[in-house]
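Per-entry structural report
Read off the chains here:
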Amino acid sequence: MEKGRKHFVCEALGDIKAAQDVMTEFHSKYYGQLLVKIVGSDTIPFFLITHNGTHLKLIDTVKQFETEYFRIESIDIARCRGTISLLRAYDYEDNETNSIADVVRLERTSTEKSIELGSISAIQLLNPDLLKKKFIIEPKW
């Protein structure tokens, strides 16, 4: 990373953090937390892609799970560092999974990790609906 040039991933995560803050901090005296109610979540989930093209995977050593799904908690754009929380991924049978094709639900955890963002080349946003608890399988017939 060149001196004096901010890394675009840091700026992009800063934008995601600002959007999450707007959703959670916006309060109307008539409608309460309207934005969180509309979106259904206060989290914009994402995964990070490293320079070698793989998804960043982190491990929660206490709860014993590995994930590649995250939420931004704080960002230091000047130092290009971020604090992310780990999101736990589940399939439709409520089994843990990391296969993006099988993920139907993400669950927030309290586990946070501080990461150096200079080694990240891309961010892929995920649908915030994955954080909603309800999952209904419609009958075929």
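Now for the state of the cysteines. As enumerated under the stated definition, the model contains one disulfide in all. A sulfur-sulfur distance of 2.0 Å marks the disulfide that ties Cys-10 to Cys-80. The S-S bond linking Cys-10 to Cys-80 shows a torsion near 85°; that makes this disulfide right-handed. Taken together, the residues span a long stretch of sequence, with Cys-10 in helix 1 (residues 8-25) and Cys-80 in the loop between strand 4 (69-76) and strand 5 (81-90) at a distance of 70 residues.

Our focus in this paragraph is the nonpolar core. Counting residues in hydrophobic clusters, the biggest one holds 19 residues, and the most contacted among them are Leu-48, Phe-70 and Ile-84. Those elements that place two or more of their residues in this core are helix 1, strand 1 (46-50), strand 4 and strand 5. Counting residues per element, this core draws most heavily on helix 1, at five residues. Contacts of Phe-70, omitting those with residues within four sequence positions, involve Ile-44, Pro-45, Phe-46, Phe-47, Leu-48, Leu-56, Leu-58, Ile-84, Ser-85, Leu-86 and Leu-87. Membership of the second largest hydrophobic core comes to nine residues, among which are Tyr-69, Leu-87, Ala-89 and Leu-126.

One non-glycine residue with positive phi stands out, namely Cys-80, at about 55°. At Asp-94, a residue that is not glycine, the phi angle is positive and equals roughly 70°. Locating Asp-94 in the fold gives a position in the loop between strand 5 and strand 6 (105-116).

What follows deals with the environment of Leu-106. Take Leu-106: it is sitting in strand 6. Exposure remark for Leu-106: the relative accessible area of 1% places this residue in the buried category. Between the alpha carbons of Leu-106 and Ala-89 there is a distance of 4.6 Å; along the sequence they are 17 residues apart. Those residues in contact with Leu-106, other than ones at most four positions away along the chain, are Pro-45, Tyr-69, Leu-87, Arg-88, Ala-89, Leu-126, Leu-130 and Leu-131.

For the structure on display, the rule yields two aromatic pairs. Between Phe-46 and Phe-70 the ring centres are 6.3 Å apart and the planes differ by 50°, which places this aromatic pair in the tilted class. One end of the pair, Phe-46, is in strand 1; the other, Phe-70, is in strand 4, and 24 residues separate them in sequence. By relative accessible area, which is 0% here, Phe-70 ends up buried.

One pass over the full model with this rule turns up eight salt bridges. Among the salt bridges present, the one from Glu-116 reaches Arg-81, with a minimum N-O distance of 4.0 Å. With Glu-116 in strand 6 and Arg-81 in strand 5, the pair connects residues that are 35 residues apart, well separated along the chain. Judged by its relative accessible area of 39%, Glu-116 is partly exposed. For Arg-81, a relative accessible area of 25% gives the class partly exposed.

What counts and how
Residues numbered from 1 in each chain as written. Predicted model: local features only at pLDDT ≥ 70, side-chain atom pairs only at ≥ 80, totals over all residues. Heavy atoms only, no water. Disulfide = S-S within 2.5 Å. Helix = DSSP H or I, 4+ residues; strand = E, 2+ residues; numbered from the N terminus. Core = buried A, V, L, I, M, F, W, Y, C linked by side-chain atoms within 4.5 Å. Buried < 20%, exposed > 50% of the residue type's maximum accessible area, 1.4 Å probe, protein only. Contact = heavy atoms within 4.5 Å. Phe/Tyr/Trp six-rings, centres within 6.5 Å; stacked < 30°, edge-to-face > 60°. Salt bridge = Lys/Arg side-chain N within 4 Å of Asp/Glu carboxyl O.

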